[in-house]
Amino acid sequence: MNVRKMRLFDFENIHSSEDRDEYEKDYARLIQSPAFRRLQGKSQVFGAGSGDYYRTRLTHSLEVSQIAREVARKLGKSYSFLASKEHPGLMLDPEVVECASLAHDLGHPPFGHKGEEVLNELLMEECGLKYEGNAQNYRILMFLEKRAGSDSGLDLTAAVLLAINKYPFCLDDPGRLKGVYSMEWEGISALRTAWGMPEGCATLEAQLMDLCDDIAYSTHDIEDGIRAGKIQMNPSLFEDDRLVANVMQEIINDPGNAVMHWEQVDMKLMVKQALHHYLEQWESIYVECGREPSRTRREMKARWVRKFVSGVGIIDDPATGWKRVTFVRDGVQDLELLRTMEILKKLAWVMLIKDFRVQRLHKRSEIIIKRLWDSFKVQDSGRLIIPPDWLESYERLKDVWSWERMVSDYIAGMTDAYAEKVYTEFYGSASTTKGGLLYDRD
């Protein structure tokens, strides 16, 4: 058996055609799933529906998949060990990375990271359960989603499931902040054992997907911010010491940045230089593009994506005895490029997410999710306002599905607009429910 193309349930392809490659089937199952379609209504940075230009979770996922697929092809031509297929976790199949990238954000609830934070707080405080977007990916792929002829999620191949698994841990273990819920971890752990994966190590495909997600985030979100006028491309902003200090503080506050060894450099100087170089490059491209802001934004984004993509490589990781996908220069990890990308990510975070108007929207989303939770959490009253198909699934599977987890699954699956719609039905004035809103099909 090809362990990369094995499935947890449909071993003999009883429920799928034989005339397509297994990864082609995975691709079709993903893009035709309701969970994937709902990404069009979930926020990336700006609220979904706030404008025709700005990215949503759907367009972001498509862009990540395009970048990851092309980088996988490039690396496949550059590293001879990949062709030897010495280990199922040490391979880079472009189709697998593409599928994983399409699925990597399925678990995000409405209203972006704020929604994730609020759901986790509610579940932890009231039920002792966790909510985490990466873990929710597997709830969707392995439990909640259904495909024709199967009741076992989308039943994707082992290669694609493990390529999504950038945090190969059980989230329910003490102290874990990222990972997979214990119910789905049982299957993921079985696949990792079948592959002989080292403990705590992600496949090369999962590492590449994760890095390409960061590349997209650090370039595309800034493009959206410039388009929205929230990032002003002028010296008064980029040379402002307050901006430098805020970017530095976000870097310091992020525990994931320890691997970049910031203590080895003058962080303040590097942040200043990176911001100065970014503005300087913008001004140069602005002139090249005939002083057209739209062309300049696109060209700026394209050049930074190209810069990051050209730096992606694979090195040995002596700490784990595994291999690492990262930025590489002269055969070693390029920490300077990693730090530069992190500075741009934090620039986007400071200027977009920390903007007081965005924070007001976050406060509104917090209120919406908390009041939806309060409306559904008591089973006797909540079952009167939960859609019938959810109740039927719960009754059939309640031995493995607590009411509280079902409620969080239901809220997490909502788009931004649908969450607002249900909230308005419950708490809006009478006039807001006229015009057919109350009887729209769910």
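Draft legend 1. Quick peek at empty space enclosed by the protein. Applying the stated criterion to the full structure yields 3 cavities of 30 Å³ or more. Put simply, the largest cavity is a space of about 40 Å³. N134, N137, Y138, I164, N165, K166, Y167, G179 and V180 are the residues that line the largest cavity. It is helix α7 (residues 133-144) that contributes the most residues to the lining of the largest cavity, 3 residues altogether. Here the lining of the largest cavity is built from residues that sort into 4 nonpolar, 4 polar and 1 charged.

Draft legend 2. Quick peek at helix α9 (residues 182-195). Taking 1.5 Å per residue as the helical rise, α9 with its 14 residues ought to reach 20 Å, and the 19 Å between its terminal C-alpha atoms agrees with that figure. In this structure, the buried residues of α9 make contact with α7 and α8 (158-164). Where α9 ends, the next residue or the one after it, G196, has phi of about 75°, a positive value.

Draft legend 3. Up close: the sheet that holds strand β1 (residues 312-317). Here we have 3 strands laid out as an open sheet, ordered β1-β2-β3, and antiparallel in their pairing. If you trace the sheet from one side to the other, it starts and ends with β1 and β3 (332-333), each paired once. Of the strand pairs in this sheet, strand β2 (residues 322-329) and β3 are connected by 2 bridges, and their pairing is antiparallel. By the bridge assignment for β3, R329 is matched with V332. Along the sheet face, helix α10 (residues 204-227) touches β1 and β2 and points at about 30° away from the line of β2. The sheet strands contacting helix α15 (residues 335-353) are β2 and β3, and the helix crosses β2 at an angle near 80°.

Draft legend 4. The arrangement of helix α18 (residues 388-397) in detail. Every buried residue of α18 is listed here: W390, L391, Y394 and L397. For α18, the arc enclosing every buried residue in end-on projection is 145°, short of the 170-degree limit, so these residues lie on one face. Facing away from the buried surface of α18 by more than 90 degrees, the exposed residues are P388 and E392. Packing partners of the buried residues in α18 comprise α7, α17 (379-382) and α19 (403-412).

What counts, and where the lines are drawn
Residues numbered from 1 in each chain as written. Predicted model: local features only at pLDDT ≥ 70, side-chain atom pairs only at ≥ 80, totals over all residues. Heavy atoms only, no water. 1 Å grid on protein atoms, 1.4 Å probe; cavity = no way out; pocket = protein on both sides within 12 Å on 5 of 7 lines; lining within 4 Å. Points joined across faces, edges and corners; volume = space filled by probe spheres on them. Helix = DSSP H or I, 4+ residues; strand = E, 2+ residues; numbered from the N terminus. Nonpolar A, V, L, I, M, F, W, Y, C, P; charged D, E, K, R; others polar. Expected span 1.5 Å × (residues − 1). Contact = heavy atoms within 4.5 Å. Pairing = 2+ DSSP bridges. Axes fitted to C-alpha atoms, helices over the stretch in contact; angles between N-to-C directions. Buried < 20%, exposed > 50% of the residue type's maximum accessible area, 1.4 Å probe, protein only. Arc of directions from axis to C-beta.

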